[in-house]
Amino acid sequence: TPADIGVTGLAVMGRNLARNLARSGYSVAVHNRTPARTRALVEEFGGEGAFRPAESAKDFVASLKRPRRLITMVKAGEATDAVIAEFAPLLDEGDVIVDGGNAHFADTRRRERELRERGIHFVGAGISGGEEGALHGPSIMPGGSAEAYDSLGPMLESIAAKAADGSPCTTHVGTDGAGHFVKMVHNGIEYADMQLIGEAYHLLRDVAGYSPGQIAEVFRTWNGGRLDSYLMEVSAEVLAHTDAETGAPFVDVVADRAEQKGTGRWTVQTALELGVPVSGIAEAVFARSLSGHTSLRAAGAGLPGPRAEAMDTDAAGRFADQVEQALYASKLVSYAQGWHMLRAGAEEYGWNLDLGAIAAIWRGGCIIRAAFLDRIRSAYAADPGLETLLADADFAAEIGRAQGDWRAVAATALRHGVPAPGFSAALAYYDGLRADRLPAALTQAQRDFFGAHTYRRVDRDGVFHTLWGGDRTQERAD
Ligand code: 6PG
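Given the structure is predicted, the values throughout are model-derived calculations rather than measurements. (Residues numbered from 1 in each chain as written. Predicted model: local features only at pLDDT ≥ 70, side-chain atom pairs only at ≥ 80, totals over all residues. Heavy atoms only, no water.)

Caption draft 1: Looking closely at the packing of aromatic side chains. In the structure shown here, the tally under the stated rule is 16 aromatic pairs. Geometrically, the ring pair formed by Phe-60 and Phe-87 is edge-to-face, given 5.6 Å between the ring centres and 75° between the ring planes. Of this pair, Phe-60 sits in helix H3 (residues 57-62) while Phe-87 sits in helix H4 (residues 78-87), and the two are 27 residues apart along the sequence. With a relative accessible area of 0%, Phe-60 lands in the buried category. Centroid distance Tyr-328 to Phe-372: 5.8 Å. Interplanar angle 80°. Geometry classified as edge-to-face. Pair noted here: Tyr-328 is in helix H15 (residues 313-349) and Phe-372 is in helix H17 (residues 372-382), with a separation of 44 residues, a long-range link. Judged by its relative accessible area of 0%, Tyr-328 is buried. We note Arg-19 situated over the ring of Phe-45; from NZ or CZ to the ring centre the distance is 3.6 Å. Its guanidinium or amino end placed over the ring of Tyr-230, Arg-369 lies 3.9 Å from that ring's centre, counting from NZ or CZ. (Phe/Tyr/Trp six-rings, centres within 6.5 Å; stacked < 30°, edge-to-face > 60°. Helix = DSSP H or I, 4+ residues; strand = E, 2+ residues; numbered from the N terminus. Buried < 20%, exposed > 50% of the residue type's maximum accessible area, 1.4 Å probe, protein only. Lys NZ or Arg CZ within 6 Å of the ring centre and 35° of its normal.)

Spelled out as structure tokens, the structure:
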């Protein structure tokens, strides 16, 4: 009997996804460019379910039930185009190709359009949760046609993570590249979360004088409250770990240069094009970038700055409580920015994104999974047209209560010379939203002065220009 679905590309993510499908009772055709991987998978895990190994693309496609459904799990970029070029000619109208890699959504839009013209459904699906998630239940963000989702949905729902209320962490997020767009924003938020946790760690270490082990304990406590999240848990695990070789805290033996494969950068690039201020994500990308510029940092190493003063135990404990407030408030801001970007993307690309449903499918399986996402889901359930998460009554009240400590932490960071760009940028965004008047008025006037770029007035409609070089009278420019 033919296989329910096929997976091609059996590196760790593809292999684990194939195993997840097989363990869920589906028969899975498996294929890899080099057949050794296919054989290894069947040898090692063949007992977990019904695998149909295929050595050639042709045999692989021939072993699939119609309409055929195949998932490619290869590297984003050229490898994905190569796989499509290899498989598309072997497929028929109505067949479905799912790209489960971290593709750029613009590539996914292009591929979807090209394949649609040939009658083939192309589904760009964001898959989050790393190796473990792929095996035990990821969060899956499929785009593509509704028709393709009708055929894939039940399978995806059965292999996806389940939220605390039992609902599967997948849904049809939108057409064409919507799935990969949503995954990209997920990763941007992931970067911001990681940066903010890093800043909290840095402040607790250098200002409060805590050891990595003590910070692990603080993080565990926070993880029992509103900051409960997978990334918080991971951070505590890492900080509590000791390097076996040296006996030093593990975090101290890791080189402090953060790398990136590119999805955070894509988020910021796209946000710039959409005109959405995602300053939290941008600061996170820049902070990784700064960390990696070794010679630049060496050149700056001797620059003067304040010495952190020691804190007594009571003060350190009070400060740690304030850092919790700052971290929570900053996190809230970066999620508000991320959701603004989702809304702007939906508008620009014509996707009907359900902003609450996206929060719902991130409650489990993905890297940013957190109790907090259920609150975002309910905020959008209460008001689907919510302009910003910060305007939700509960979130607004919380951030209002946090802002005193948040400011104190940001000020302390500045005074002690500990960089906290995420905390500061989030606070600046918050104050920017709150402001009655912004200096943008001056910016507009400057633009009009040196370039006749015109301005609007607060007291009446119309576009104006002032004759700055002449008698400074104002003329209509519309
Ligand atoms: C996920 C992760 C995953 C991955 C990123 C990390 O959702 O499962 O986001 O996609 O870990 O590739 O990205 P960087 O290498 O850019 O940090």
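Caption draft 2: Quick peek at the site of the ligand. Close to the ligand lie 14 residues, the nearest being Ser-128, Glu-190, Tyr-191, Lys-261 and Arg-288. One of the side-chain nitrogen or oxygen atoms of Asn-187 is found 3.0 Å away from an oxygen atom of the ligand. Contact between the ligand and Arg-288: an oxygen atom at 2.8 Å from a side-chain N or O atom of the residue. In the complex, 81% of the free accessible area of the ligand, which totals 410 Å², lies under the protein chains. (Near = heavy atom within 4 Å. Polar contact = N/O pair within 3.5 Å; in protein donor to acceptor, adjacent residues only side chain to side chain. Areas by Shrake-Rupley, 256 points an atom, 1.4 Å probe, with all protein chains shown as cover.)

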